[in-house]
Amino acid sequence: MKTKSIFISAIPVFALFMQLNAQSVEKPIEDLPVKSVVNSSNQVQAEASIVFDEYKHDFGTIKESDGKVSAVFTFTNRSDSPLVISKVAVSCGCSAAEWTQEPVAPGGQGYVKATYDPKNRIAFFNKSLMVYSNGNPSKTTLSIQGTVVKK
C-alpha cells in the first residue's frame with residue numbers, strides 16, 4: 001500500500017507574511033484620523049481625543065525621608081470636541097491622583113498629577129494610573145516608577 005505525503009513549502013507562506021507585514025506600517029499619531037460620532041441632531045461630530053506628552057515617569061532613586069514625590073503628566077485634546085476626565089484610578093493606597101476637573105477645550109491642555117508616598121516602602125516600585133475620559137482612547141494607562149532607599 002502506497003502512502004502519499006503532503007509537503008507544504010514554507011517559502012510561499014513566508015512571502016505572504018512579509019507582504020502583509022510590509023503593509024502594516026504604523027503611522028505617526030498626528031496622521032491618524034479622528035473618530036467621528038453622530039450626535040442626537042444627526043450631525044457628525046468629532047470624538048474627543050486625548051494625547052499625553054509622556055506615559056511613564058521614572059523618579060530614579062528617592063530617599064524615604066524626603067517624603068512624597070509627584071509627577072505631572074500633561075495631555076492635549078486633539079479634536080473638535082471638549083474632553084472630560086471622569087476619574088483616575090490608582091493601583092494602590094501608596095499613590096494618589098489629581099487631574100483637570102473642568103472640560104478641556106479643543107486644542108487645550110490639561111494634566112494628571114500622580115503622587116507616591118515612599119514611607120515604609122524601601123524597594124523598587126512601579127505603579128499605574130488608569131485615566132478614564134470621553135476621549136479616544138477612553139482608558140489610558142500612565143505609570144510611575146523608582147527606587148526608595150533608607151533615610
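Structure report, in brief. (Residues numbered from 1 in each chain as written. Predicted model: local features only at pLDDT ≥ 70, side-chain atom pairs only at ≥ 80, totals over all residues. Heavy atoms only, no water.)

Considerations on unusual backbone geometry
Omega for the peptide link from Asn 136 to Pro 137 comes to 10°, which places this bond in the cis form. Mapping Pro 137 onto the fold places it in the loop between strand S9 (124-133) and strand S10 (139-149). In this structure, Asn 120 is a non-glycine residue whose phi angle is positive, near 60°. With respect to the secondary-structure elements, Asn 120 resides in the loop between strand S8 (109-116) and S9. (Helix = DSSP H or I, 4+ residues; strand = E, 2+ residues; numbered from the N terminus.)

Topic: the sheet that holds strand S4 (residues 56-63)
The strand order across the open sheet formed by four strands is S4-S10-S9-S6, and the pairing between neighbours is mixed. Edge strands, defined here as strands with exactly one partner in the open sheet, are S4 and strand S6 (85-90). Averaged over all adjacent pairs, the angle separating strand axes in this sheet is 20°, with direction ignored. (Pairing = 2+ DSSP bridges. Axes fitted to C-alpha atoms, helices over the stretch in contact; angles between N-to-C directions.)

Here we look at the sheet that holds strand S3 (residues 50-52)
The four strands lie next to each other as S3-S5-S8-S7, forming an open sheet whose pairing is antiparallel. Whereas interior strands pair on both sides, the edge strands pair on one side only; in this sheet they are S3 and strand S7 (95-99). Going across the sheet, the axis of each strand differs from the next one's by a mean of 25°, ignoring polarity.

Looking at the side chain of Thr 76
With respect to the helices, strands and loops of the structure, Thr 76 is situated in strand S5 (residues 69-77). Thr 76 gets classed as buried once you look at its relative accessible area, which sits at 14%. For Thr 76, the side chain forms a polar contact with the side chain of Gln 109, separated by 3.3 Å. The contact partners of Thr 76, leaving out residues within four places of it in the chain, are Ser 49, Ile 50, Val 51, Asp 53, Gly 107, Gly 108 and Gln 109. (Buried < 20%, exposed > 50% of the residue type's maximum accessible area, 1.4 Å probe, protein only. Polar contact = N/O pair within 3.5 Å; in protein donor to acceptor, adjacent residues only side chain to side chain. Contact = heavy atoms within 4.5 Å.)

Observations regarding the state of the cysteines
Inspection of every chain in the model, using the stated rule, returns one disulfide. Across the disulfide, Cys 92 is cross-linked to Cys 94 (sulfur-sulfur distance 2.1 Å). In this structure, the disulfide formed by Cys 92 and Cys 94 twists by about -50° around the S-S bond and is classed as left-handed. Relative accessible area serves as the criterion here: at 22%, Cys 92 is assigned to the partly exposed category. A residue is classified by how much of its surface remains accessible, and Cys 94, at 6% relative accessible area, is buried. (Disulfide = S-S within 2.5 Å.)

Points about the nonpolar core
Ranked by size, the top nonpolar core spans 24 residues in total, and within it Phe 52, Val 112, Tyr 116 and Ile 144 carry the most contacts. Sorting the residues of this core by element identifies S3, S4, S5, S6, S8, S9 and S10 as the ones contributing at least two each. Of all the elements, S5 adds the most residues to this core, at four residues. (Core = buried A, V, L, I, M, F, W, Y, C linked by side-chain atoms within 4.5 Å.)

A look at the pairing of S5
For S3 and S5, the ladder comprises three bridges, and the chain directions are antiparallel. In the sheet register, Ile 50 faces S5, and the bridge partner there is Asn 77. Here eight bridges tie S5 to S8, and the two strands are oriented antiparallel to one another. Following the sheet pairing, Thr 76 is matched in S8 by Gln 109.

Digging into the pairing of S10
The side chains of a regular strand alternate between both faces of the sheet. Note: S4 against S10, six bridges, orientation parallel. Paired with Asp 58 across the strands is Gln 145, a residue of S10. The loop that links S9 with its antiparallel partner S10 comprises five residues.

Interpretation in functional terms is not warranted from these geometric data alone.
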